[in-house]
Amino acid sequence: MPSAPSRQGDGRAGPQAVRAVAVAVPVPYLDALTYLVPEGVPTPRPGVRVRVPLGRRSVVGMVLAQTSVAPGIEAKPVEAVIDAEPFVPPAVVELCQWVADYYVAGVGDAVGVAMPPGSRRQESAFRTMRVVHATAFGLDTARLGGEGLTAKQRGALEELAGASAGLPSRVLKDRGITPAVVSKLVSAGLAVVRAERDERDPLLADAAAAAEGEPPGLTPDQQSAFDTLHVLAATGAFRAAVLYGVTGSGKTEVYVRLAEAVCAAGRRVLVLVPEIALTPSAVTRFCRTFGGRVAVQHSGLSDGERHDQWHRIRRGEVDVVIGTRSAVFAPLDRLGLIIVDEEHDSSYKQEESPRYHGRDVAVMRASREGALVVLGSATPSLESFRNADTGRYARVSLDRRILDRPLASVRIVDMRDVFAAEGPDTVISPALAEAIGDRLSKGEQSLVLLNRRGWATSVFCRQCGTPMQCPHCSVSLTVHKGGRHKARCHYCDYAVIVPKQCPTCASPYMEQAGFGTERVEEEVARLFPEARVARIDRDAIRKRGALSSLLGRFAAGEIDVLVGTQMIAKGHDFPRVTLVGVISADVGLGLPDFRAAERTFQLLTQVAGRAGRGARVGEALIQTINPTHYSVELACRQDYPAFYEKEVAFRRAMQYPPLFALVNVIVRGPTEAEAMTAAHLLAKGLHPTEGFLVLGPAPAPLGRLRGEHRVQLFLKGPKRTDMRNALRRALDGLPELRRRVTVDVDPMTVL
Ligand code: ADP
Ligand code: ZN
Ligand code: ZN
């Protein structure tokens, strides 16, 4: 084999071998490519960015490893080495390679999530600003009273002399100092203008301002959870622990204290939260203890902000990084603790390549860096709880709410009875209406959940029965009242004005059925005209800042009833909420997805957990037509252990995760027949005698999406390695198919 390198990995070539590097390039599905290192150039280390030729283009890639090739092997040379030091820490580079391998993704995709925005374009992503500084001469002149200057110039010079770091020109403008005045000072040698990097600090200012007051002392329960976790952290070796703590049990305080202890021992901390909306409260809480040594990483920041925060982390200026999924790749070193809050949340899974799960990458990162990873939740994922059950992870529990506040009492409203008595269009049952009215009269707040947005969930013709479907996807269109009563596809955003006549039979009887959050909001407003009602769902928060402003208004008591989707169920701590109403517990139950029951249980338990977190007792009312379904019943009792037992038995019987590993493979094509043929080819290439099962190909539940037909294969077995290897081999043998195949290892949804 001529391509076998003589001495791999040490970067120095043997007598015949030529120095080379393995480079991740930003092209989907591609494995690492090998490039030669030009004579006289030191071999760049892993994590260094290089410019390399790719076809007729030139791209910025990242060195994964130093290697060598035998002379005569075709490889192009590196065009330029961009960084003197690794841009991404080598540990993170290795983590990316693990992600690419585990999730059967291209290594370029995996490296891409670890890089701050703009870092693959070669131009700098630094937003520079003009900063005006007084010169030494200027300082002297100011000290002597600004002789010979106009009043305006003197004023400006005094401002500058008082600002040791200089003043950005826009700040000067705000203070009424014109560019003309500035340029006069400059030409007199009294000031200079420099282009400087703008260290945008998007939320630390706000959060730090909010971070007042002393943190509370830990309760005995919290203290004992802390003690157990602290012992694990202090080992300095990889440990994983599930922190199972009921809603309102004070997990955050335990995280903060643990982080404090880890930092005191000279190591750093990464905190993951499932959603952007949950970062501000976490930042506030951590800033109270860590001051400015906190950075934030999430996609809600502008590219520039993200970039600046990333570099602060990279330079070692922070002890704590708080962020969403992709923050698991933050360039921290000396990592001692990773906290994954609300670890069960499916937002941790990225639904595009690389399809990684932030929690699982966190566990892998902790294991590689000898850190403790804490997975916190009131409704742990079956995966994590089972790992605790089998002893792979430690388990720490907080069984009671802070100050022994009771969990909300949960009542089921059987909607079958309500529909019989009140008519089938009833949105809010009399029981729920009464409960909301009661809270309004007491000045308390309510949350109303419906995990379905829009006004009506379908439009159909009453004469011929034809529903309005998306022309590109196999789903019916949802009517939205905002946006001029359009019918929209929630998958591809296709939208049409609802026609007056049926497009099929021309009858004038177009009817709407089903309802979403928009309708609920209106119903609440109709029943309680005096109430201040607002709504949070993906439509309501499209504008930047809308979500935090709504949450802020609710927290400040400016909203009485907040209607929303699962967004309002997560993690928030609103002490004045005493009522939670669930309009329909049934929304997710009908989905052909093996996680349907788990999702429903989590959602109901979590949303019920938003009630009664303050001094007053909370109540939850759950409307359902499935009152005896175990996920509904056990959520009402808030009995996670019982749900876990029941669900694990079901998964075992069905050979589903976490008892078996599952890979969902979707093959797409312009027609179902073509997708099916391709899927059969792939299935044949898998040779499923190798210790796993292949189920399918069969049409996917979501048979069409954005104009493409979708066919599905399940791979199931005890070991992922076998399935991954078989998939890689099969896909390598079918390169023309690669772009039409989506591989989802450990899928969170199988639609
Ligand atoms: P969880 O994340 O477990 O649902 P939180 O961490 O949000 O719970 O805490 C619930 C509430 O209890 C918060 O309002 C928090 O400020 C308060 N809290 C936490 N720990 C203490 C404590 N030791 N003493 C008093 N209040 C506390
Ligand atoms: Zn019709
Ligand atoms: Zn569509």
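Residues numbered from 1 in each chain as written. Chains lettered and ligands numbered in written order. Predicted model: local features only at pLDDT ≥ 70, side-chain atom pairs only at ≥ 80, totals over all residues. Heavy atoms only, no water.

Colleague: Tell me about the site of ligand 1, and name the residues and values.
Modeller: Taken together, 16 residues surround ligand 1, and among them Gly 217, Gln 222, Gly 248, Thr 252 and Asp 573 come closest. Within the side chain of Asp 573, one N or O atom sits 2.4 Å away from an oxygen atom of ligand 1. Expressed as a share of its isolated accessible area of 560 Å², the protein-covered part of ligand 1 is 78%. In terms of residue count, the dominant contributor to the shell around ligand 1 is helix 9 (residues 251-264) (three residues). (Near = heavy atom within 4 Å. Polar contact = N/O pair within 3.5 Å; in protein donor to acceptor, adjacent residues only side chain to side chain. Areas by Shrake-Rupley, 256 points an atom, 1.4 Å probe, with all protein chains shown as cover. Helix = DSSP H or I, 4+ residues; strand = E, 2+ residues; numbered from the N terminus.)

Colleague: Outline the coordination of the zinc ion (ligand 3), listing residues and values.
Modeller: The protein atoms that coordinate the zinc ion (ligand 3) are Cys 470 (SG), Cys 473 (SG), Cys 489 (SG) and Cys 492 (SG), at distances of 2.2 to 2.3 Å. Each of the four donor atoms around the zinc ion (ligand 3) contributes to a set of angles spanning 103 to 114°, which defines the coordination as tetrahedral. As a motif over one chain, the donors of the zinc ion (ligand 3) read C-x2-C-x15-C-x2-C. One end of the pair, Cys 470, is in the loop between strand 18 (458-461) and strand 19 (478-480); the other, Cys 489, is in the loop between strand 20 (486-488) and strand 21 (495-497), and 19 residues separate them in sequence. Given a relative accessible area of 4%, Cys 470 falls into the buried group. (Donors = N, O, S within 2.8 Å, 3.2 Å for Na, K, Ca; no water. Tetrahedral: all angles 85-135°; square planar, octahedral: opposite > 155°, others 65-115°. Buried < 20%, exposed > 50% of the residue type's maximum accessible area, 1.4 Å probe, protein only.)

Colleague: Give me the lowdown on helix 1 (residues 90-102), citing residues and values where you can.
Modeller: Taking 1.5 Å per residue as the helical rise, helix 1 with its 13 residues ought to reach 18 Å, and the 18 Å between its terminal C-alpha atoms agrees with that figure. For helix 1, the set of buried residues is Val 92, Val 93, Leu 95, Cys 96, Trp 98, Val 99, Ala 100 and Tyr 102. Buried residues in helix 1 make contact with strand 4 (57-69), helix 2 (107-114), helix 12 (358-369), helix 22 (720-732) and strand 30 (741-745). Downstream of helix 1 by one or two residues, Val 104 has phi in the positive range, about 50°. (Expected span 1.5 Å × (residues − 1). Contact = heavy atoms within 4.5 Å.)

Colleague: Can you lay out empty space enclosed by the protein for me, pointing to particular residues and giving the numbers?
Modeller: All told, the structure shown has three cavities of 30 Å³ or more when counted by the stated rule. As a volume, the largest cavity reaches approximately 80 Å³. If you go around the largest cavity, the residues you meet are Val 113, Ala 114, Met 115, Pro 116, Pro 117, Gln 297, Arg 306, Trp 310, Ser 326, Ala 327, Phe 329 and Ala 330. For the lining of the largest cavity, the secondary structure elements donating two or more residues are helix 2 and helix 11 (303-314). Of the residues belonging to the lining of the largest cavity, the class tally is nine nonpolar, two polar and one charged. In terms of lining residues, the second largest cavity is bounded by Tyr 244, Val 246, Thr 247, Ala 378, Leu 407, Phe 601, Thr 605, Gln 638, Asp 639 and Tyr 640. Here the residues of the lining of the second largest cavity are counted per class, giving six nonpolar, three polar and one charged. (1 Å grid on protein atoms, 1.4 Å probe; cavity = no way out; pocket = protein on both sides within 12 Å on 5 of 7 lines; lining within 4 Å. Points joined across faces, edges and corners; volume = space filled by probe spheres on them. Nonpolar A, V, L, I, M, F, W, Y, C, P; charged D, E, K, R; others polar.)

Colleague: Now, about unusual backbone geometry: what can you tell me, with residues and values included?
Modeller: Peptide bonds are trans in most cases, and residues, glycine excluded, mostly fall at negative phi. Residue Pro 658 is bonded to the preceding Pro 657 through a cis peptide linkage, with omega at 5°. Along the chain, the position of Pro 658 falls in the loop between helix 20 (640-654) and strand 27 (661-669). Cis geometry is adopted by the peptide bond preceding Pro 697, which originates at Gly 696 and carries an omega value of 5°. Relative to the helices and strands, Pro 697 resides in strand 28 (residues 693-705). Despite not being glycine, Asp 404 has its phi angle at roughly 55°, a positive value. Along the polypeptide, Asp 404 turns up in the loop between strand 15 (394-398) and strand 16 (409-414).

Colleague: How would you sum up the coordination of the zinc ion (ligand 2)? Please name residues and give values.
Modeller: The protein atoms that coordinate the zinc ion (ligand 2) are Cys 461 (SG), Cys 464 (SG), Cys 502 (SG) and Cys 505 (SG), at distances spanning 2.3 to 2.4 Å. Around the zinc ion (ligand 2) sit four donor atoms; with metal-centred angles ranging over 105 to 114°, the donor geometry is tetrahedral. The sequence pattern describing where the donors of the zinc ion (ligand 2) fall on their chain is C-x2-C-x37-C-x2-C. Take Cys 461: its relative accessible area is 1%, and that puts it in the buried class. Classification of Cys 464 as partly exposed rests on a relative accessible area of 34%.

Colleague: Got a sec to walk through the packing of aromatic side chains? Specific residues and values, please.
Modeller: Under the counting rule described, the total for this entry stands at 16 aromatic pairs. For the ring pair Tyr 244 and Phe 385, a centre distance of 5.8 Å and an interplane angle of 80° mean the geometry is edge-to-face. With a gap of 141 residues between them, Tyr 244 in strand 9 (residues 239-245) and Phe 385 in helix 13 (residues 382-389) connect regions that are remote in the sequence. Given the relative accessible area of 3%, Phe 385 is considered buried. Ring plane angle 80° and centroid distance 4.8 Å describe the contact between Phe 385 and Tyr 640, whose orientation is recorded as edge-to-face. Remark: Tyr 640 occurs in helix 20 and Phe 385 occurs in helix 13; sequence separation between them is 255 residues. Lying across the ring of Trp 455, Arg 519 places its NZ or CZ 5.7 Å from the centre. Positioned above the aromatic ring of Tyr 630, the side-chain terminus of Lys 646 is 5.6 Å from the ring centre. (Phe/Tyr/Trp six-rings, centres within 6.5 Å; stacked < 30°, edge-to-face > 60°. Lys NZ or Arg CZ within 6 Å of the ring centre and 35° of its normal.)

Colleague: Give me the domain arrangement of the chain: which residues, what numbers.
Modeller: Accessible area lost on assembly of the parts is the figure often given for the size of an interface. Split into domains, the chain comes out as domain 1 (6-113), domain 2 (128-197), domain 3 (204-404), domain 4 (409-454 + 515-649) and domain 5 (661-745). Computed over C-alpha atoms only, the centres of domain 1 and domain 2 are separated by 47 Å. (Domains from an automatic or database assignment.)

Colleague: Now, about the sheet that holds strand 21: what can you tell me, with residues and values included?
Modeller: Judged by pairing direction, the sheet is antiparallel, and its three strands sit side by side in the order 19-20-21 without closing on themselves. Either end of the sheet is taken by a strand with one partner, and the two such strands are strand 19 and strand 21. Along the sheet, successive strands turn relative to each other by an average axial angle of 35°, direction set aside. With three bridges joining them, strand 20 and strand 21 adopt antiparallel strand pairing. If you follow Arg 488 over to strand 21, its bridge partner there is Ala 495. (Pairing = 2+ DSSP bridges. Axes fitted to C-alpha atoms, helices over the stretch in contact; angles between N-to-C directions.)

Colleague: Which residues make up the side chain of Ser 446, and what are the values?
Modeller: Position of Ser 446 relative to the elements: it lies in strand 17 (residues 445-449). When near neighbours in sequence (up to four residues on either side) are disregarded, Ser 446 contacts Ile 436, Arg 439, Phe 554, Asp 560, Val 561, Leu 562 and Leu 579.

Colleague: Break down helix 16 (residues 517-527) for me, citing the residues and quoting the values.
Modeller: Looking only at helix 16, the buried set comprises Thr 517, Glu 518, Val 520, Glu 523 and Val 524. Tucked into the core, helix 16 has its buried residues touching strand 17, strand 19, strand 23 (533-536) and strand 24 (561-564).

Colleague: Before we move on, can you summarise the state of the cysteines with the specific residues and values?
Modeller: Summed over the entire model, instances satisfying the criterion amount to zero disulfides. Free cysteine Cys 287: the closest other cysteine sulfur is in Cys 263, separated by 13 Å. The class for Cys 287 is buried, based on a relative accessible area of 5%. (Disulfide = S-S within 2.5 Å.)

Colleague: Please set out the packing of helix 1 against helix 12 residue by residue, giving values where relevant.
Modeller: Any two packed helices are characterised by how steeply their axes cross, that is the angle between the axes, and by the distance between the axes. Running from amino to carboxyl end, helix 1 crosses helix 12 at an angle of 135°, the nearest separation of the two axes being 11 Å. Taken together, helix 1 and helix 12 sit at an angle that is classed as oblique. Remark: the crossing between helix 1 and helix 12 carries right-handed chirality. Contacts from Ala 91, Val 92, Glu 94, Leu 95, Trp 98 and Val 99 of helix 1 reach helix 12 at Asp 360, Val 361, Met 364, Arg 365, Arg 368 and Glu 369. (Parallel < 35°, antiparallel > 145°, perpendicular 65-115°, else oblique. Left-handed = near helix turned anticlockwise from the far one by under 90°.)

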